[in-house]
Every structure is written in structure tokens, then in C-alpha cells.
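# Geometric and topological summary
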Amino acid sequence: MDSSATQQKNKFMKKPVRAIVAGAGKRGAMYASYGLEHPDRLKITGIADPNPEIRANLAKKHQLSDHLYQDWRELAEQERLADAVIIATQDQMHLEPAIAFAKKGYHILLEKPMAPSALECKAIVKAVKEAGVMMAIGHVLRYTRYTQKLKQLLDDGAVGEIVSVQHLEPLGYWHQAHSFVRGNWRNSKLSSFMLLAKSCHDLDWLRYIIGERCLSLSSFGNLKHFRKEAKPKEAGDALRCLDCNYEAQCPYSAKHIYLDRVLKDDVGMPVNVLSPDTSYASIEEALRKGPYGRCVYECDNDVVDHQIVNMLFEGGKTASFTMTGFNKERPRETHIFGTQGEIFGDGEKIEVFSFLKDESRLIDTRMPANTPLKGHSGGDYGLIKTFVEAVATGDAKKLLSGPDESLESHLMVFAAERARLEHCVIDL
């Protein structure tokens, strides 16, 4: 290691990166928690969130008593408080803070999606480049041990040349009902369309794994089930699960999804989204008064509950992606078909079959049980760790995708949605 590299490493080890948090909800708090695990690497120096309880909870965890604001603009108006900013506001609220903090010289960790429109994404990338700051998008799937091992196998020619890929995101019946029927991402006007909100990192992941540009694509999907027309007649006019006689027979019952978990002392996601107080009485009250207690057939949701995207990449490679909310909870699944073999992966294990040897080998990439930030199979941890190291050393090459490639995969998503709405093939 040369002297300059040694100096950078020593600086990184001795002085933590300072970061502020704009949006202290689930994702913002999760990224910030890296500082609790590694206080020598990351220190939170400011927080902005409109919810006083959420803001106070995060401040208490990080022993922060000042620079606590209701609005991110108050953070941005201060003299520069940190080296970096974690922006985890709602999808529709990314453009302004990203541009404002870039102009202030903050390196940016921006939760995916980058923004709800192609024009806004381009504006963010332009601002970041003009300011000369680093930006990492929350495409956490790139940063898992599984993905890195899979990428290495493909680059080493384990299956020859990639011919085609099948990729499945089995969202899960309760997750669909929680986040995309009752929750914050239910309505495209309030957040963004489904492919952008939930699956933009899947198309980004395919771009990364295949290693070529997408040339054209088509897409089909719709909101088939979670609408008033599909409501069982036995449910009558009930607007909430707690008032419904059909509730016990409904797999999407809020009592089933939330209160049954409380009884099993399973009070993580999705229960803790309803209230910091996860007692039975508190969650029951949230179902009686809040959005998560509504009948799934009586909500203001409009995002799709299933969608497919077919893609043509450079070199004649093809890929298909399926997102569905009608399945039991399980990891993503991927089939990769090559000229000399095939691979099947489920986010943890990789099975490689060689045509020449006519045999398979199994590779286990699971994280150790005591690994912190295990979300997205360790991708959450991998992203924030890499981002902090990039900021500490000033080395943007540590990041697995820069602004341009992140923009490219977002444009794939916008094109896919246009293809779905217009029933056409889009050339990129």
C-alpha cells in the first residue's frame, strides 16, 4: 500500500464521517444505525423529520440534542454540518433536498428511487455532477455477498456467455397489502408507480449482472385484485377489518397481518410501522383509526399488484422480470442461462450447473447470524459501509454505481411503465 493510501486509511480509522439525516423513518434510521454499530466510522450530526416522535427517537439513539428540525430545509440552511447527507424522504420529495444538499457540498446517499420522473432524475444527476460530490442510490441488491459472488462467477465465465435471464420478485401477499394497498406506496400520485417504488433496484440489478445496456423492452401488468369490484359479497359495506364479519376468512385481514403477529411477539416489520408502541392495545387502536386497518378493497390504491417486463440487452441477451404480490414471503429467485451452463440463485445460495461436466455445485453466501443490518440479505449494510468508506477516502470508485449508471437503470424503469400503459415496445 502506498503512503497516500495508508494516510487515507489511517484518516478513515481515526476520524468518523459526519452525516445528517433528512427523513428519519425506517430507511433513514436503518442507514444511520451504522453509526451505532461503528461509531468510529460514522457520526450523525443532524436530523430532520416532520414527525416529532420519530425525530426524537432517532436523536436519542444517537445522543443528539441539537440540530433537530422538522423540515429538511432547516438543515440545508445551516452552515455545513457534515460530510454527507442521508436522504430518505418520501419518493416525491427527493428532488429539492438532493439538489440543495449537493450545492452545499454534501456527498449524498439517496434512497431509491432517485425521483418519480425521468426529468427529476436527470436534474439530480446534473446537480451532483456540477457540485462534484459523490452520490450513491439505495440500490442495495448490488451490495450483497450473494450478488458479488454471482457477478464474480459470471465474469469468470462459469456459464459461458449469458443468453437469457429470468428474475422473480415474489413480493408476498401481506407486504403487498401493507405497503402497496394500505400503506405509503399505495397511490402513484402520492408516491410513485409500483415498478419504480418497489422494483427499480431489480431492473438495476439485472443491468449490473448482465453487464450490458438495455436496448428495448415491453411490459404488462395491472391492478387485478385489490379494488372494490373484487370485494367479497360477504364483507358487505364494512370499511375496516375490525368491523367486518368476513374478516376471519380474508387472508388480507389487518387482524391477521398485524394482531396475530403481536400475539406471537413478532413486532418488527410490519407491526412497528403502525406505532412505536407495539402492545396489542396500541396496534388495535392503530387499526381502528389509522390507514392500516382499512379493508384492502376499500382503499385509495392504484398501483399494480402484478407486472412483467421483457428486455433486450446488447449482444442479443434477453431478460424477463416478474413482480407479484400473490405468493408467500420468500426471497427473489433468478435463473441465468448461458452457453456453457446455467445458474439458479435465491439471494442466499447459488447452484451452478456445468454442461461440460454434467454436474452441479452449490455455493452458500448466507450472512453470519450475528451480522448487523441484515436487511436485503446484507445489502443494506454493504451499501452504507461502502458509502462511508467512499466519503472517508474520497474514492468514488468504491461505489458500485455512479450517477450515470443509476440514471440509466431508472430510465429503464420509466420506459417499462410507459410500455405497460401504452401497450408497446420502447426502444431506449
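Higher on the page you've got the structure.
The sections below set out a description of the structure shown in this document.

## Some details on unusual backbone geometry
For the bond running from Lys-112 to Pro-113, omega is -5°, close enough to zero to count as cis. If you trace the backbone, Pro-113 turns up in the loop between strand E5 (107-110) and helix H7 (118-131). At the junction of Met-269 and Pro-270, the peptide bond is cis and its omega measures out at 5° in the coordinates. For Pro-270, the location among the structural elements is in the loop between helix H11 (254-263) and helix H12 (271-274). Its identity as a non-glycine residue notwithstanding, His-423 has a phi of 50°, on the positive side. In this structure, His-423 sits in the loop between helix H15 (403-422) and strand E15 (426-427). On the accessibility criterion, His-423 (60% relative accessible area) is exposed.

## Observations regarding helix H6 (residues 95-103)
Restricting attention to buried positions, one finds in H6 the residues Pro-97, Ala-98, Phe-101 and Ala-102. One side of H6 holds all its buried residues, which, seen down the axis, span an arc of 125°. Among the structural elements, strand E1 (17-22), helix H5 (72-77), strand E4 (84-87), E5 and H7 are those in contact with the buried residues of H6. In the stretch just after H6, Gly-105 is the one whose phi turns positive, near 90°.

## Brief notes about the pairing of strand E14 (residues 359-364)
Note that strand E13 (residues 349-354) and E14 share six bridges and pair antiparallel. The residue bridging Lys-349 from the neighbouring strand is Asp-364, located in E14. The hairpin turn running from E13 into E14, its antiparallel successor, is four residues long, and Asp-358 in that turn takes a positive phi close to 55°.

## Let's talk about empty space enclosed by the protein
One pass over the full model with this rule turns up one cavity of 30 Å³ or more. Reported here for the largest cavity is a volume of approximately 90 Å³. As for the largest cavity, its lining consists of 13 residues, and the residues nearest its centre are Cys-241, Cys-244, Glu-247, Cys-250 and Cys-295. Among the residues forming the lining of the largest cavity, the class breakdown is ten nonpolar, no polar and three charged.

## Observations concerning the packing of helix H9 (residues 173-182) against helix H10 (residues 194-210)
At their nearest, the axes of H9 and H10 sit 11 Å apart, and the two run at 130° to each other. The angle between H9 and H10 falls in the class oblique. The handedness of the crossing between H9 and H10 is right-handed. Between H9, through His-175, Gln-176 and Phe-180, and H10, the contact on the second element is made entirely by Met-194, Ala-197 and Lys-198. Counted by class, the contact of H9 with H10 contains three nonpolar, two polar and one charged residues.

## Things to note about the layout of surface pockets
Of the pockets and cavities examined, the second largest pocket occupies roughly 190 Å³. For the lining of the second largest pocket, the elements supplying multiple residues, two or more each, are E13 and E14. Here the element with the most residues in the lining of the second largest pocket is E14; it accounts for three residues.

## Points about the pairing of E13
Where burial is concerned, the two faces of E13 differ: the one with Ile-350, Val-352 and Ser-354 is buried and the one with Lys-349, Glu-351 and Phe-353 is not. Sheet topology places strand E12 (residues 341-345) next to E13; five bridges connect them, and they run antiparallel. Note that in E13 the partner of Phe-344 across the bridge is Glu-351. In textbook terms, the turn of a hairpin is the stretch between consecutive antiparallel strands, and for E12 and E13 this stretch comprises three residues, one of which, Gly-347, has a positive phi near 90°.

## Section: the pattern of salt bridges
Throughout the structure, instances matching the rule amount to 30 salt bridges. Between Glu-96 and Arg-73 there is a salt bridge whose closest N-O contact spans 3.4 Å. Of this pair, Glu-96 sits in helix H6 while Arg-73 sits in helix H5; the two residues are 23 residues apart in sequence, bridging distant segments of the chain. Overall, Arg-73 belongs to the partly exposed group, its relative accessible area being 35%. Between Arg-213 and Glu-408 there is a salt bridge; the shortest N-O distance is 3.2 Å. You can see Arg-213 sitting in the loop between H10 and strand E8 (214-222) and its partner Glu-408 sitting in helix H15, a full 195 residues away along the chain. Judged by relative accessible area, which is 45%, Arg-213 ranks as partly exposed. Residue class for Glu-408 comes out buried when judged on its relative accessible area of 12%. In this structure, a network of salt bridges that share partners links the residues Glu-169, Lys-198, Asp-202 and Arg-332.

Conventions adopted
- Numbering of residues starts from 1 in each chain and follows the order in which that chain's sequence is written.
- The model is predicted, so local features are restricted to residues of pLDDT at least 70 and side-chain atom pairs to those at 80 or more, both for listing and for counting; the totals for chains, interfaces and linings are taken over all residues.
- To obtain the side-chain values, all non-hydrogen atoms of the structure were used and water was disregarded.
- For helices the rule is a DSSP run of H or I covering at least 4 residues; for strands it is a run of E covering at least 2, with both sets numbered from the N terminus onward.
- Relative accessibility under 20% of the residue-type maximum defines a buried residue, over 50% an exposed one, and the middle range a partly exposed one, all with a 1.4 Å probe and only protein chains included.
- By construction, the arc corresponds to the directions joining the helix axis to the C-beta atoms.
- Pairs of residues are marked as contacts when any of their non-hydrogen atoms sit within 4.5 Å.
- DSSP bridges decide pairing: two strands pair if at least two such bridges lie between them.
- The method works on a 1 Å grid over the protein atoms by themselves. A cavity is a set of points holding a 1.4 Å probe that cannot get out, a pocket is an open set with protein on both sides within 12 Å along at least five of seven lines, and residues with an atom within 4 Å of a point line them.
- Grid points are joined across faces, edges and corners, and a volume is the space filled by probe spheres set on the points.
- In this classification, Asp, Glu, Lys and Arg are treated as charged, Ala, Val, Leu, Ile, Met, Phe, Trp, Tyr, Cys and Pro as nonpolar, and every other residue, Gly included, as polar.
- Here an axis means a line fitted to C-alpha atoms, over the contact stretch when the element is a helix, while the angle between two N-to-C directions is reported on a 0 to 180 degree scale.
- Under this scheme an angle from 65 to 115 degrees is roughly perpendicular, one under 35 degrees roughly parallel, and one over 145 degrees roughly antiparallel; angles in between are oblique.
- The hand of a helix crossing depends on one turn: near helix anticlockwise from the far one by less than a right angle means left-handed, and clockwise means right-handed.
- What counts as a salt bridge is simple: a side-chain nitrogen of Lys or Arg found within 4 Å of a carboxyl oxygen of Asp or Glu.

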